[in-house]
Amino acid sequence: MEKIRVIIVDDEEEFVQALAERLKLRGFDARGFTTGAEAMKDMESNAFDVALLDVRMPGLGGLDIIADIKRRWPERQVILLTGHGSAEDAEKGMRLGACHYLMKPIHIEQLVEILQQVAGPGQKEQGDE
Amino acid sequence: MSDPGELLRGHLGFWGAVCRSISHEMNNVTAILIELAGLMQDRLAAAGGQAVDGQKTAATLGRMGTQLERARRLMGLLNRFGHSVDDFDTSIEVSEAVEQALALCRRFADLKKCELESEVAAAGRYIISGSPFVLLHILFRALRAGLEQAPAGTQLLLRATAAEQGCCFEVIGATPTGDEVRLLEQLVVASGGRLLDQPGSFWLPARLRFPGA
């Protein structure tokens, strides 16, 4: 079965690295970036199924790039990550096209369930058409 | 002219901004520690009873240690900030207040990809008296005013210089603009200080008043 390709974008490098490794151990194809600009550059040349974006980052934050992602790759899914207190931002992100938002710290099993829901078999094939 | 209501809202806004910023960063530290601990559990589970890579484990424990040290620093910062309202008329070492203001502003600078520096040359051991909270508030606003329109990559310097019967402060590297400047100016004047010609520069007296009191 094809792996679900996940892009993690968060300015906390340790968070990105640890989460990417945990997702890989669970069978996902995960890659991480610490800036929105780096992630956007990668997205242009490498396919992905889901982008996991931190709402607030130096430079391009999740809210800055979500509209761009949905315009260029409307079938791709975006999940927002937020700390406490920025639920308002997350709701704004949902209006811009995110399918979910998660508060940090995240629960890995909850994330895995959501990733499978939004990009698992069936969903992914539909998105790849 | 200063508006007491606006000054009070300014004090509370400063308090809220600092608490939000530090708790947000603490939340990030917690999230990282949870992921790193989870990663170690995942590796153990993946090894299925076999020995796990000792080097990887040691490296992960080192990363956790770094985050715990970061958490300790953040808690120290928040604790010191909380103590800034213990005494409204005490001796304040200018160099310490400048460093503390920089530390409180660091995350805001990071979000704008800017750098903060300080220079407390002639004011090295200079003491002024008053409320540490008020001095921190003024310095914090001065830095935020400088950051407001600063492009990414800007290096902001907060310079303190001993001056006759007081201390001069300058924010160098960006021209302070926006609402932050207006409140900064009110705070400086209401504290008994005065604005200097250069935008973002001001003189504070050796004995600060408590603005809005």
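As the structure is a computational prediction, the values presented were derived from the model and not from experiment.

## Considerations on the nonpolar core
Residues and elements named next belong to chain B. By size, the foremost hydrophobic cluster in this structure holds 44 residues, and its most contacted members are Ala-101, Leu-139, Ala-142, Leu-143 and Leu-156. Among the secondary structure elements, those contributing two or more residues to this core are α1 (4-47), α3 (94-111), α4 (132-148), β4 (155-163), β5 (166-172), α5 (179-190) and β7 (201-205). Both of domain 1 (4-83) and domain 2 (90-205) provide at least three residues apiece to this core. The contact partners of Ala-142, leaving out residues within four places of it in the chain, are Leu-158, Phe-169, Val-171, Leu-184 and Gly-200.

## Let's talk about the sheet that holds strand β5 (residues 100-103) of chain A
Residue and element names in this part refer to chain A. The 5 strands are arranged β2-β1-β3-β4-β5 in an open sheet whose pairing can be described as parallel. The sheet is open, and its two borders are formed by β2 (29-33) and β5, each paired with just one other strand. Each strand axis lies, on average, 20° off the axis of its neighbour in the sheet, ignoring direction. Two strands pair when backbone bridges link them, and strand β4 (residues 77-82) and β5 are joined in this way by 4 bridges, in the parallel orientation. The residue of β5 that forms the bridge with Leu-81 is Leu-102. On the sheet, helix α1 (residues 13-25) packs against β1 (5-9) and β2 and is oriented at approximately 175° with respect to β2.

## Considerations on the interface of chain A and chain B
Listed by partner, the interface residues are 18 residues for chain A and 21 residues for chain B. Among the elements that make up the side of chain A that touches chain B, the one with the highest residue count is α1(A) (7 residues). In terms of residue class, the side of chain A that touches chain B is built from 8 nonpolar, 4 polar and 6 charged.

## Quick word on unusual backbone geometry
Of note, the bond from Lys104(A) into Pro105(A) is cis; its omega dihedral lies within 30 degrees of zero at -5°. Turning to its location among the elements, Pro105(A) is positioned in the loop between β5 and α5 (108-119). Non-glycine residue Gln165(B) carries a positive phi angle of around 55°. Of note, Gln165(B) is situated in the loop between β4 and β5.

## With respect to the sheet that holds strand β2 (residues 115-119) of chain B
All names here are of chain B. With respect to topology, 5 strands assemble into an open sheet ordered β2-β4-β5-β7-β6, the strand pairing being mixed. Each of the sheet's edge strands pairs with one partner strand only, and the pair in question is β2 and β6 (194-195). Along the sheet, α3 makes contact with β2, β4 and β5, crossing β2 at roughly 175°.

## What about the domain arrangement of chain B?
All names here are of chain B. Taken domain by domain, chain B holds domain 1 (4-83) and domain 2 (90-205). Between the C-alpha centres of domain 1 and domain 2 there is a distance of 28 Å. Taken together, the contacts link 11 residues of domain 1 with 11 residues of domain 2. Top element by residues in the side of domain 1 that touches domain 2 is α1. It accounts for 8 residues.

## Remarks on the packing of α1(B) against helix α2 (residues 54-83) of chain B
Any two packed helices are characterised by the angle at which their axes cross and by the distance between the axes. All names here are of chain B. Viewed as axis vectors pointing N to C, α1 and α2 meet at an angle of 160°, and their least axial separation amounts to 10 Å. Considering their axes alone, α1 and α2 lie roughly antiparallel with respect to each other. Once α1 is placed against α2, the crossing between them reads as left-handed. Contacts between α1 and α2 involve Val-18, Ile-22, Glu-25, Met-26, Val-29, Ile-32, Leu-33, Leu-36, Leu-39, Met-40 and Arg-43 on the former and, on the latter, Lys-56, Thr-57, Thr-60, Arg-63, Met-64, Gln-67, Arg-70, Ala-71, Leu-74, Leu-77, Leu-78 and Phe-81. When its residues are assigned to classes, the contact of α1 with α2 shows 15 nonpolar, 3 polar and 5 charged.

## Digging into the pairing of strand β3 (residues 50-54) of chain A
Residue and element names in this part refer to chain A. For β3, the buried fraction is high: 5 of the 5 residues fall into the buried class. Both faces of β3 are covered, namely the face carrying Val-50, Leu-52 and Asp-54 and the face carrying Ala-51 and Leu-53. In terms of strand pairing, β1 meets β3 through 4 bridges, oriented parallel. Counterpart to Ile-7 in the pairing with β3 is Ala-51. Across 5 bridges, β3 lies against β4 in parallel orientation. Paired with Leu-52 across the bridge in β4 is Ile-79. As a crossover connection, the stretch from β3 through helix α3 (residues 62-72) into β4 is right-handed.

## Some points on the environment of Ser91(B)
All names here are of chain B. In this fold, Ser-91 is placed in strand β1 (residues 90-93). A residue is classified by how many C-beta atoms lie within 10 Å of it, and Ser-91, with 10 of them, is exposed. Between the C-alpha atom of Ser-91 and that of Ile-128, which follows or precedes it by 37 residues, the distance is 5.8 Å.

## So, helix α2 (residues 36-45) of chain A
Residues and elements named next belong to chain A. Taken together, the buried positions of α2 are occupied by Gly-36, Ala-39 and Met-43. Across the axial projection of α2, the buried residues extend over an arc of 60°, all falling on one side. Opposite its buried face, α2 presents the exposed residues Lys-41, Glu-44 and Ser-45, each directed more than 90 degrees away. Packed against the buried residues of α2 are β1, β2 and α3.

## Notes on the confidence of the model for chain B
Residues and elements named next belong to chain B. Residues of chain B with pLDDT of at least 70 account for 97%, and the chain-wide mean is 92. Highest mean pLDDT in chain B belongs to α2 (97); lowest belongs to α5 (89). What the predictor reports for the complex is a pTM of 0.90 with an ipTM of 0.89.

Analysis parameters
- Residues numbered from 1 in each chain as written.
- Chains lettered and ligands numbered in written order.
- Predicted model: local features only at pLDDT ≥ 70, side-chain atom pairs only at ≥ 80, totals over all residues.
- Core = buried A, V, L, I, M, F, W, Y, C linked by C-beta atoms within 7 Å.
- Buried ≥ 20, exposed ≤ 12 C-beta atoms within 10 Å, placed from the backbone.
- Helix = DSSP H or I, 4+ residues; strand = E, 2+ residues; numbered from the N terminus.
- Domains from an automatic or database assignment.
- Contact = placed C-beta atoms within 7 Å.
- Pairing = 2+ DSSP bridges.
- Axes fitted to C-alpha atoms, helices over the stretch in contact; angles between N-to-C directions.
- Nonpolar A, V, L, I, M, F, W, Y, C, P; charged D, E, K, R; others polar.
- Parallel < 35°, antiparallel > 145°, perpendicular 65-115°, else oblique.
- Left-handed = near helix turned anticlockwise from the far one by under 90°.
- Right-handed = clockwise from strand over helix to strand, strands pointing away.
- Arc of directions from axis to C-beta.
- pLDDT = per-residue confidence, 0-100.

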